[in-house]
Amino acid sequence: MQSLNLFAQSSPVVTRRGAQQAKIQTRAMAMKSGSNSKTASASAAASASASSSGAIKSSSVGGELPKRSETLLEAKRRARNMLKNQGSTQAMQETVTDIFQTAVKSLPLVRGETAMVYHQSMEQHCCRWDPKHLECPDRFNRVLDRCNELKLLDRCLPVSPRLASKQEILRLHTAQHFELLEQTSEVCDDQSMEELSSRFDSIYIHPSTFQCSLLASGSTIDLVDAIITGRAQNGMAIIRPPGHHAMKAEFNGYCFFNNVALAAQHALDVHKLERILILDYDVHHGQGTQRFFYNDPRVLYFSIHRFEHGAFWPHLQESDYHAIGEGPGLGFNFNVPLNETRMGDGDYMAIFQQLLLPVAMEYQPELIIVSAGYDAALGCPEGEMQVTPAFYPHLLNPLLRLADSRVAVVLEGGYCLESLAEGAALTLRTLLGDPCPVLIEPLLPPKPSLIKSILNCIFAHRPYWRCLQLQGTYDPPELMGKNGSQDLHIVERTWVGGPPPVTVYPTRDTSVEHLIPEPIVADNTARLRRLRLETILTVPGVRVCYAYNPEMMEHCNLDDLGHPEQPKRIQFIHKMHEDYQLLGRMKQLAARAATTDEICLAHSRSHVNTMRRVLGRDKDDLQAQAATYNSVYLHPATFGCATLAAGSVLQAVDSVLRGESRSAICNVRPPGHHAEPDQPHGFCIFNNVAIAAQYAIREFGLKRVLIVDWDVHHGNGTQHIFESNPKVLYISVHRYENGTFFPKGPDGNYDVVGKHTGAGFNVNIPWNKKGMGDLEYALAFQQIVMPIAYEFQPELVLVSAGFDAAIGDPLGGCKVSPEGYGLFTHWLSALAGGRLIVCLEGGYNVNSISYAMTMCTKTLLGDPVPTPQLGSAALTRPPTTAFQSCLETLQCCVEVQRQYWKSLEFVGYRLPHGYQIGENNNEDFLAASLVKLNISSDDAQGAAGGEQADPGQERPSDSKPKVKVKPPNHSTAAPEEMFAIPPSKTCPHMRMLRPELVPQSINTRAPCGECISRSDNWMCLSCHYIGCGRYVGRHMQRHCEALEHTLVMRLQDHAVWCYVCGIYLDNPRLFEYKNRAHQDRYGRPLAWRYPCAKRADGCYPLDPETDSEEEADHIANGSYLQEAQ
């Protein structure tokens, strides 16, 4: 048996170009030194030649190895030193690494602890003047009670809670914000506390609020610390008060300090992380978290929230899909607005599969923090959504193998005590490694309004994410010509908005429970109880069982000992499992031979008898018989090995379906998926997986079995066996090359969907180019495999696990990494309650298949498997031919399969071509003529007084932004084309503007004159005072109220607001102010884009459309000022 030392370590990283240069210099130095040496003998030269070629041969005398040339050794030493000193030049070159380096690093990684942090004192925070307030201590206690009931807390690593320091809070919040809450500590004057609370939206303050808020933030920071430092693999913080609405200087929405944002900032500052994903699935938009990181690419913020076109709290336009980030953070802010109630499991699953997971995989986060609000859960009066508690594990599960398994879940909202407690407890159960519960109710297809929201998000972000290119595009003339064809998605923004802003917020009777009709409440309560009773949470004690028998190695090719399908395939896999110390952690199954009756579940009896007759035949007869088949060799032991392989898989089926094991690994050969019902084919004798599926249906009464075949070759045999059977869903991802790749022919194409009652239950994903890797396979899984699988709801998952698409395989020509296979295994493990059987098929690089199967096993054992890099280096370069071909394949496949699977609605739409969002976060990217924009209720206040917040800045939460449209030719667009909500062209207060009063320069980075804030500052156009907007400190608003100044300009984007009229303005008279600010900010003058001619004196009519040039002259002559006075 060959040694497996090759598994031990990988070589250091070198550069391709550097290695070539070193080799050339090595040879040159060797030749130069050799020519100058007068004592070099012929034997030494031969030795040097042998050494330089890497050969090691026995000496002709005594069997001793020849001595190495000292000249060559010195030359190599110099070359190595040269490589080390290449410095920054080397970093610019393409690197070459051991293809199994990442897998090797996972050797010592075993499942870590799940951390838990909470403190009982957090129940003290309550509303003293409204005992029925929704944000009550029972939320906290009910979650802990349910976790204790399921015995989950005992399985966790406790993290000691602590108070956050003032320094930690001031990383994001202002000192005034901190001190204001600090002053309320232990204050028992309810009247004064209620009055203070009324200044903020949806806030109550208790004497313990300050301490509880510090405790919640400090505990969250320490949870993240424990995960990053490796003390825990993942963890959960059951804390209150929540935090994601808390802004820089404003309490908001039950939140005081932003726990998740503070923890993320701590990870950035202290641990120097560079990529953090914050997932916020609380039903309310976490505007506080969004604003903190809106221009920071180190944090990807992804929020799923009820919006209803702004009618749902917090009533912000920045909560819509168009708010995608700013500056360096452009493209790193995702909002998925839910524009109707009663969204359920299928809707949320669509968001994850179509948006979150592809983006998260491309982003490659180093840490994932979940703002886990459960107010979208069934029964919550706040959210009015219908996500079932058992579905939250399915949302969390696919994230657990990203970020090297570093995931922190932090409690936010949730106000139906039963669904909150159940959802949070099942989330913790998933973090602990228990399988996702089987869903009791079928997944409904996503609602039409959600499809629109997802497509809008994809449209807004596709310029920044390669993974969002699956939808086709169309040009405006096509929209007009097709007269609104259903496959052309029209990108729209509709704004309804909420109630007008107030200065005093209600503090009593704020619950909305009484607004929910009694029949709905009763129905939700009964449904929750039924779901809890029917959801099975028992788990087998054995995580993985293992099927293997060395007798299966007897089957071999007597004529070609180098045949790819060789015995050492399973031997190497078994040895690596031993080296990784996995065998002792699995239940070893006793192998048995499948009976003739069992084999005939998938094959004809004549085929079985034909294979049985190979016993005892001589070599020539076997070779002659094998020649009658396609790519098959026979051996006297073939029948025994094939029945042993099939029987071993049946042993695994028995163990899993009897509840003895959660999952299984079958290290068996010969493979099976090419074997036809009546003959062997493609190295395969009997179809092991097909026999297992039929056996599960017959012996255990299963009605839905899923077979996922990721072997690089199409499983023609499995397809033919089940093509008319609706009980078996067969999904194959394979290399096809337009029918020229083995097994060749049209059967593996995307349009082959099954026959008769089995139509739609055969899904082929055919690659027409070689080179497909982790990224392409991951897209196939999230766009097609997993949506169809969840819709099918299998009772058992069988994987035809061929690893010939692995990197390094001599036949496959693809580039899937071992850790990629681990990731796909993890995703599939969420189905069928974790009842998953991985069965070896092909794969002919013994190193590749050993690492790949080992990663699958470690995944099922719960070990942290390194996250696939998904070609992250390649993402900086233009898309490869393979990636472009991948998109074409997925589009074709979905176009065919969408008639059978409602979960595939998204790819069938096409999006507008050629429009994208600009760097100004308020610039909409939709040409009004193309998208038929529909925005209503344009009557709210804005800007610095009742101003709308720019999504990335600290501004009030109860106001509206202007929304600009960026047409194709931005530089020449007329002013009225630049806005979807057009600003007014004039107002009476513009008469006070004089061109000679424009300052020579405007410092757009100047601090506020009162609080020194540099966030959201405005300039008074009357006196040039700089003050912060309403959200930060309201100093500009107070300044203008005191001095009766009316016009202000935002320094960030040069928007002009009139306090008295309550409108934005865009007029040629404002050009010089904007031009000076633009020059300071961008270093270049602002382009003139008004319809009137530009005047040297800067004097323009008050209304360019109705007033004449005489008024401009009137202004220039000075009589304007007298008139204004």
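The structure displayed is predicted, hence computed values, not measured ones.

### A word on the overall build of the protein
Right, so step 1: Looking only at helices and strands, the protein features 35 helices and 27 strands.
Right, so step 2: The 1125 residues of the protein split such that 61% are buried.
Right, so step 3: For the protein, contacts bridging at least 24 residues in sequence account for 78% of all contacts bridging at least 6.
Right, so step 4: Carbon and sulfur atoms form 51% of the exposed surface of the protein, whose accessible area is close to 42,400 Å².

### A look at the sheet that holds strand S4 (residues 157–158)
Strand pairing in a sheet relies on backbone hydrogen bonds. The paired strands run either parallel or antiparallel.
Right, so step 1: Strand order in the open sheet made by the eight strands is S4-S3-S5-S10-S9-S6-S7-S8, with parallel pairing throughout. Edge positions in the open sheet fall to S4 and strand S8 (333–338), since each of these has one partner strand only.
Right, so step 2: Pairing of strand S3 (residues 114–117) with S4 involves two bridges; the strand directions are parallel. Across the sheet, the residue bridging to Met116 is Pro158, located in S4.
Right, so step 3: Sheet strands touched by helix H13 (residues 345–363): strand S6 (276–280), strand S7 (299–306) and S8. Its angle to S7, the strand with the most contacts, is close to 175 degrees.

### With respect to the environment of Ile304
Right, so step 1: In this structure, Ile304 sits in strand S7.
Right, so step 2: Measuring from C-alpha to C-alpha, the distance between Ile304 and Tyr348 comes to 8.5 Å, with 44 residues separating the pair along the chain.
Right, so step 3: If sequence neighbours within four positions are ignored, Ile304 has contacts with Asp280, Tyr281, Asp282, Val336, Leu338, Tyr348, Ile351 and Phe352.

### Regarding empty space enclosed by the protein
Right, so step 1: The tally for this structure, following the rule as stated, stands at eight cavities of 30 Å³ or more.
Right, so step 2: Empty space within the largest cavity amounts to approximately 280 Å³.
Right, so step 3: Along the walls of the largest cavity sit 22 residues, with Gly433, Pro435, Arg543, His826 and Ser829 positioned nearest its centre.
Right, so step 4: Counting residues per element, the ones that place at least two in the lining of the largest cavity are helix H15 (417–431), strand S14 (661–666) and helix H28 (846–860).
Right, so step 5: By residue class, the composition of the lining of the largest cavity is six nonpolar, eleven polar and five charged.

### Digging into the side chain of Arg139
Right, so step 1: Here Arg139 is to be found in helix H6 (residues 137–149).
Right, so step 2: Given a relative accessible area of 1%, Arg139 falls into the buried group.

### A short note on the sheet that holds strand S26 (residues 1056–1058)
Right, so step 1: Across the sheet, which stays open at both edges, the five strands sit in the order S24-S23-S25-S26-S27 with antiparallel pairing between neighbours. Both outer strands of the open sheet, strand S24 (1026–1028) and strand S27 (1063–1065), are each paired with one neighbouring strand and no more. Strand-to-strand twist across the sheet, computed as the mean angle between neighbouring axes with direction ignored, equals 35 degrees.
Right, so step 2: Here S26 runs beside S27; their pairing, made up of three bridges, is antiparallel. The residue of S27 that forms the bridge with Trp1057 is Tyr1064.
Right, so step 3: On the sheet, helix H33 (residues 1071–1082) packs against strand S23 (1017–1020), strand S25 (1047–1050), S26 and S27 and is oriented at approximately 25 degrees with respect to S25.

### Regarding the pairing of strand S5 (residues 234–237)
Right, so step 1: Here S5 shows a buried face lined by Asn234 and Met236 and a second buried face lined by Gly235 and Ala237.
Right, so step 2: Note: S3 against S5, four bridges, orientation parallel. Counterpart to Met116 in the pairing with S5 is Met236.
Right, so step 3: Strand direction decides the pairing type here: S5 and strand S10 (residues 407–411), joined by four bridges, are parallel. Residue Met236 lies in a different strand from S10, and its bridge partner there is Val409.

### Observations regarding the environment of Gly745
Right, so step 1: Within the secondary structure, Gly745 sits in the loop between strand S16 (728–735) and strand S17 (762–767).
Right, so step 2: Relative accessible area serves as the criterion here: at 28%, Gly745 is assigned to the partly exposed category.
Right, so step 3: Note: C-alpha distance between Gly745 and Asn716 (29 residues apart in sequence) is 9.9 Å.
Right, so step 4: The residues touching Gly745, leaving out its near neighbours within four places in the chain, are Tyr736 and Gly739.

### Topic: the packing of aromatic side chains
Two descriptors summarise a pair of aromatic rings, namely the distance from one centre to the other and the angle between the planes of the rings.
Right, so step 1: With the rule as written, the count across this model stands at 36 aromatic pairs.
Right, so step 2: Residues Phe639 and Phe686 carry aromatic rings whose centres are separated by 6.0 Å and whose planes lie at 85 degrees to one another, so their mutual orientation is edge-to-face. With Phe639 in helix H23 (residues 638–657) and Phe686 in the loop between S14 and helix H24 (688–700), this residue pair connects regions lying 47 residues apart in the sequence. No difference in accessibility class separates Phe639 from Phe686, as the two residues are buried.
Right, so step 3: With a centroid separation of 5.4 Å and 45 degrees between ring planes, the pair formed by Trp710 and Tyr821 is classed as tilted. Note that Trp710 is positioned in the loop between strand S15 (705–709) and helix H25 (716–722) and Tyr821 in helix H27 (residues 818–828), a separation of 111 residues in sequence.
Right, so step 4: Taking the relative accessible area as the measure of exposure, Tyr821 reaches 0% and is therefore buried.
Right, so step 5: Each member of the aromatic cluster is reached from another via a ring pair, and the members are Trp710, Trp767, Tyr777, Phe781, Phe803, Tyr821, Phe824 and Trp827.

### A look at the confidence of the model for the protein
Right, so step 1: Here the protein averages 85 in pLDDT, while 82% of its residues score no lower than 70.
Right, so step 2: Contacts for the low-pLDDT stretch residues 916–981, under 50 throughout, to residues beyond four places or in other chains number 234 contacts.
Right, so step 3: Confidence over residues 1118–1125 falls short of pLDDT 50; this stretch has 14 contacts with residues more than four positions distant or in other chains.

### Description of helix H22 (residues 619–626)
Right, so step 1: Buried residues of H22: Leu622, Gln625 and Ala626, and no others. Down the axis of H22, the buried side of the element spans an arc of 100 degrees, and every buried residue falls inside it.
Right, so step 2: Packing partners of the buried residues in H22 comprise helix H21 (605–612).
Right, so step 3: The N-capping residue of H22, defined by a side-chain oxygen 3.3 Å from the backbone nitrogen of Asp620, is Asp618.

### Here we look at the pattern of salt bridges
Right, so step 1: Enumeration over the complete set of coordinates arrives at 43 salt bridges.
Right, so step 2: Its salt-bridge partner being Arg128, residue Asp190 comes within 2.6 Å of it at the nearest N-O pair. With a gap of 62 residues between them, Asp190 in helix H9 (residues 190–197) and Arg128 in the loop between S3 and H6 connect regions that are remote in the sequence.
Right, so step 3: On the basis of relative accessible area, Asp190 is assigned to the partly exposed category, the value being 28%.
Right, so step 4: You can call Arg128 partly exposed: its relative accessible area is 38%.
Right, so step 5: Linking Arg306 and Glu384 is a salt bridge whose minimum nitrogen-to-oxygen distance equals 3.3 Å. In this pair, Arg306 is assigned in strand S7 and Glu384 in the loop between strand S9 (367–372) and helix H14 (392–396), connecting sequence segments 78 residues apart.
Right, so step 6: Overall, Arg306 belongs to the buried group, its relative accessible area being 8%.

### Re the packing of helix H26 (residues 774–792) against H27
Right, so step 1: One can describe the packing of H26 onto H27 by two numbers: an axis separation of 10 Å at closest approach and a directional angle of 10 degrees. With respect to H27, the axis of H26 lies roughly parallel. Counting all contacts with H26, which are made through Asp774, Tyr777, Ala778, Phe781, Gln782 and Met786, the residues of H27 involved are Gly820, Phe824, Trp827 and Leu828.

### Topic: unusual backbone geometry
Right, so step 1: Geometrically, the link from Trp313 to Pro314 is a cis peptide bond, its omega value of 15 degrees lying close to zero.
Right, so step 2: On the secondary structure map, Pro314 appears in the loop between S7 and S8.
Right, so step 3: Going from Arg669 to Pro670, the amide bond is cis rather than trans, its omega being 0 degrees.
Right, so step 4: With respect to the helices and strands, the residue Pro670 is situated in the loop between S14 and H24.
Right, so step 5: One non-glycine residue, Glu186, lies in positive phi territory at about 65 degrees.
Right, so step 6: As for its position among the elements, Glu186 is in the loop between helix H8 (175–182) and H9.

Rules and cut-offs
Residues numbered from 1 in each chain as written. Predicted model: local features only at pLDDT ≥ 70, side-chain atom pairs only at ≥ 80, totals over all residues. Heavy atoms only, no water. Helix = DSSP H or I, 4+ residues; strand = E, 2+ residues; numbered from the N terminus. Buried < 20%, exposed > 50% of the residue type's maximum accessible area, 1.4 Å probe, protein only. Contact = heavy atoms within 4.5 Å. Areas by Shrake-Rupley, 256 points an atom, 1.4 Å probe, with all protein chains shown as cover. Pairing = 2+ DSSP bridges. Axes fitted to C-alpha atoms, helices over the stretch in contact; angles between N-to-C directions. 1 Å grid on protein atoms, 1.4 Å probe; cavity = no way out; pocket = protein on both sides within 12 Å on 5 of 7 lines; lining within 4 Å. Points joined across faces, edges and corners; volume = space filled by probe spheres on them. Nonpolar A, V, L, I, M, F, W, Y, C, P; charged D, E, K, R; others polar. Phe/Tyr/Trp six-rings, centres within 6.5 Å; stacked < 30°, edge-to-face > 60°. pLDDT = per-residue confidence, 0-100. Arc of directions from axis to C-beta. Polar contact = N/O pair within 3.5 Å; in protein donor to acceptor, adjacent residues only side chain to side chain. Salt bridge = Lys/Arg side-chain N within 4 Å of Asp/Glu carboxyl O. Parallel < 35°, antiparallel > 145°, perpendicular 65-115°, else oblique.

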